[in-house]
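# Commentary on secondary and tertiary structure
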Amino acid sequence: MTPPTITLSAGFSRFERGGSPCKPFQWFIRRLEKPLKLLNHSTFVCALPRQGVHENFRWRALVLWLLGLTFPLFATETRPLSTNAGRPAGNLAELQAGIAAHISRPRFAAAAWGAKVVSLDTGKGLYEHNAGKLLKPASNAKLFTGALALDRLGPDYRIKTSCCAAGKPDGEGTLHSDLIIYGRGDPSFAARFNGGDSGKSLDPLVTTLVAAGIKRIEGDLVGDESFFRGPPFGSSWTWDDLQNYYGAEVSALSQEDNVVDLVFKSGAKAGDPCVIVSKPETDFLAFINRAKTAGKGGQREINLYRPLPQNTVYISGSLPVGTNWTDAVSVHNPALWFVTRLKAALEKRGIAVAGKLRSVNWLDRQAQPLDFSRLMEVASIESRPVSELVNKMMKSSQNLYAQLLLLQVGARSEKSDHEAKTTEEAGIAELNRFARDAGVRRGELLFDEGSGLSRSALVTPEAIVQLLAFMSRHRCTEVFRDALPIAGVDGSLRNRMNGTAGEKNVRAKTGTIGHVHSLSGYVTTAAGEHLAFSLMLNAYDDAGHSVKDDLDPIPVMLAGFKGRSDKP
């Protein structure tokens, strides 16, 4: 594929009007700066004006001199990613040199890189840099959580949600007691599992209650999330993440990812309040709307603030006339939101709820334990299989699902019966046992939750590659690989590595939090060799560059590699 040509057009109109010699220099540098950032795979051409050659000769000479002077200064930033003018590496030495050249670029000077590449066919290492260094993984932590769930629960395992009451409905369909919806961490009550339609998320549960003969509930509708012990957030999640979709509260009774999507539309004219549309439609959140419509060309920015723990959302900012803005906000007390939406769905199917809506958590159950021997299960529903849950979690990098899967393993662990432990701690203990089973050495994995949103999580590239190698031989290897985003195709890699050797080839988990980028997974080389790789970039200010520039060139090099790991 021929590299694109970038043309720097040197228009000299200001110079011809008698500008000082320093002004052309400043102008040239400003014009040169942006193209240089784009030159990783590009040909550089400087187009100069043809008219006024005599008058502009000095400036033309200056520009050419500056180009010759400055281009070498940026050579490490603009040189091709292999040692042979962009040609795919033909041997191991060329590949190693190409990767080393990329991670030694000046913009990474203050950052911490960790990398490891291993052949799954020969077991030989192709490249490593700080492979034993503990680094923050961001969402690469989900590789361990997904593998743990598949290993400990099995790909076909389903999570049960029970509907319990003191007795069956009477002959007229009236339930004379509370109806307790007892959740166990099923995340699949969500539009994501129903073609994007949030209206269908609770339909299966409503259908089971209708089939149970219930036509009226005299007691309360209770959302019971006590199956998991511990706070509703993962350890080391920061408070400023918690109102966002990626920091939603974790509950054994979750639906719609515990988030409300919001669409903001401008008013008809400047000064009008902006219009708010919630998806799904709900009055569970209260909106204090201070966002105004601006004139054309005005500022386009909406700010949300939901104090913790409240369900009041304060909105400020502005939208120009004729524009809109999309965002999302998490909800507080997901179990109560669950039964709030369930009540509305039941009433649409003709089932009336006479009592109140309540939620119960693990602390409530410590004071008043739930005695299942005195209750009967009048209806139940099972989740999608774990294989599908892991897939949805990996592809979209869904933090809530990852944490729910970790808690699910913790709750099911035989060693989790110590009441002093939280379910999260039990899950982490089981994760550590699994990691040792996979060959990860003690001290190379330091996790305290399951999603990677934790700012305390640490792992080595060596440990990630060891996990990937282990899962390549695991009974669930196909399910695990299929869950990973595919470059240029789906998930968090759908818009990355397009038009390169990595497209439809690289299967990898992305990871991004503040000053942290990671990418780990599988790739097949041009020679047909199967590789596992882990790339971790920490303590990095990425202003001016995208993750595509920072991480993607390396798996693209691996995909185009024509040599073999067992040949130098």
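Structure: above.
Quick summary incoming for the structure in this document. (Residues numbered from 1 in each chain as written. Predicted model: local features only at pLDDT ≥ 70, side-chain atom pairs only at ≥ 80, totals over all residues. Heavy atoms only, no water.)

Before going further, it helps to spend a moment on the packing of helix H10 (residues 386-396) against helix H11 (residues 399-412). Between H10 and H11, the shortest axis-to-axis distance is 8 Å and the interhelical angle comes to 140°. Classified by the angle between their axes, H10 and H11 sit oblique to one another. The two elements H10 and H11 cross, and the hand of that crossing is left-handed. Taking contact as the criterion, the partners of Leu389, Val390, Lys392 and Met393 in H10 are, on H11, Tyr401, Ala402 and Leu405. When grouped by side-chain class, the residues that make up the contact of H10 with H11 number six nonpolar, no polar and one charged. (Axes fitted to C-alpha atoms, helices over the stretch in contact; angles between N-to-C directions. Helix = DSSP H or I, 4+ residues; strand = E, 2+ residues; numbered from the N terminus. Parallel < 35°, antiparallel > 145°, perpendicular 65-115°, else oblique. Left-handed = near helix turned anticlockwise from the far one by under 90°. Contact = heavy atoms within 4.5 Å. Nonpolar A, V, L, I, M, F, W, Y, C, P; charged D, E, K, R; others polar.)

The subject of this paragraph is the sheet that holds strand S8 (residues 216-217). The strand order across the open sheet built from three strands is S6-S8-S17, with neighbouring strands paired in parallel fashion. With one partner strand each, in any of the chains shown, strand S6 (174-175) and strand S17 (352-353) form the two edges of the open sheet. Across two bridges, S6 lies against S8 in parallel orientation. Its bridge partner lying in S8, leucine 175 is registered against isoleucine 217. (Pairing = 2+ DSSP bridges.)

Let's shift gears to the pattern of salt bridges. This model, assessed by the stated rule, comprises 24 salt bridges. Between arginine 475 and aspartate 151 there is a salt bridge, and its shortest N-O distance comes to 3.7 Å. Note that arginine 475 is positioned in the loop between helix H13 (461-471) and helix H14 (477-483) and aspartate 151 in helix H6 (residues 141-152), a separation of 324 residues in sequence. The partner of aspartate 552 in a salt bridge is arginine 496, and the shortest N-O contact between them spans 2.6 Å. Remark: arginine 496 occurs in the loop between H14 and strand S22 (507-513) and aspartate 552 occurs in the loop between helix H15 (547-550) and helix H16 (553-560); sequence separation between them is 56 residues. (Salt bridge = Lys/Arg side-chain N within 4 Å of Asp/Glu carboxyl O.)

Let us now look at H13. Of all 11 residues that make up H13, 10 are buried, and the element is covered over most of its length. Those residues of H13 that fall on the buried side of the exposure criterion are Pro461, Glu462, Ala463, Ile464, Val465, Leu467, Leu468, Ala469, Phe470 and Met471. (Buried < 20%, exposed > 50% of the residue type's maximum accessible area, 1.4 Å probe, protein only.)

Attention shifts here to the sheet that holds strand S11 (residues 275-279). With respect to topology, three strands assemble into an open sheet ordered S11-S10-S16, the strand pairing being antiparallel. Edge strands, defined here as strands with exactly one partner in the open sheet, are S11 and strand S16 (324-330). Put simply, the sheet's adjacent strands are angled 25° from each other on average, direction ignored. Two strands pair when backbone bridges link them, and strand S10 (residues 259-265) and S11 are joined in this way by five bridges, in the antiparallel orientation. Along S11, the bridge assignment pairs valine 263 with valine 277.

Turning our attention to the nonpolar core. Ranked by size, the top nonpolar core spans 62 residues in total, and within it Phe144, Phe447 and Phe480 carry the most contacts. Element by element, the count of residues in this core is highest for H11, at eight residues. Among the nonpolar cores identified, the runner-up in size contains 31 residues, and Phe108, Ala111, Leu551 and Phe561 belong to it. (Core = buried A, V, L, I, M, F, W, Y, C linked by side-chain atoms within 4.5 Å.)

The next thing to look at is unusual backbone geometry. Glycine aside, negative phi is the norm for most residues, and most peptide bonds take the trans geometry. Cis geometry is found at the peptide bond from lysine 279 to proline 280, where omega equals 0°. Summarising the element assignment, proline 280 is placed in the loop between S11 and strand S12 (286-289). Cis rather than trans, the peptide bond between leucine 308 and proline 309 has omega equal to -10°. Looking at the secondary structure, you find proline 309 in the loop between strand S14 (301-305) and strand S15 (312-320). The residue asparagine 130 is not glycine, and still its phi comes out positive at about 55°. Relative to the elements of secondary structure, asparagine 130 occurs in the loop between strand S4 (125-129) and H6. Its relative accessible area of 35% is what places asparagine 130 among the partly exposed residues. Phi is positive for asparagine 333, which is not a glycine, with a value near 65°. Secondary-structure assignment places asparagine 333 in the loop between S16 and helix H8 (334-348). Judged by its relative accessible area of 18%, asparagine 333 is buried.

Shape descriptors only; they carry no functional weight alone.
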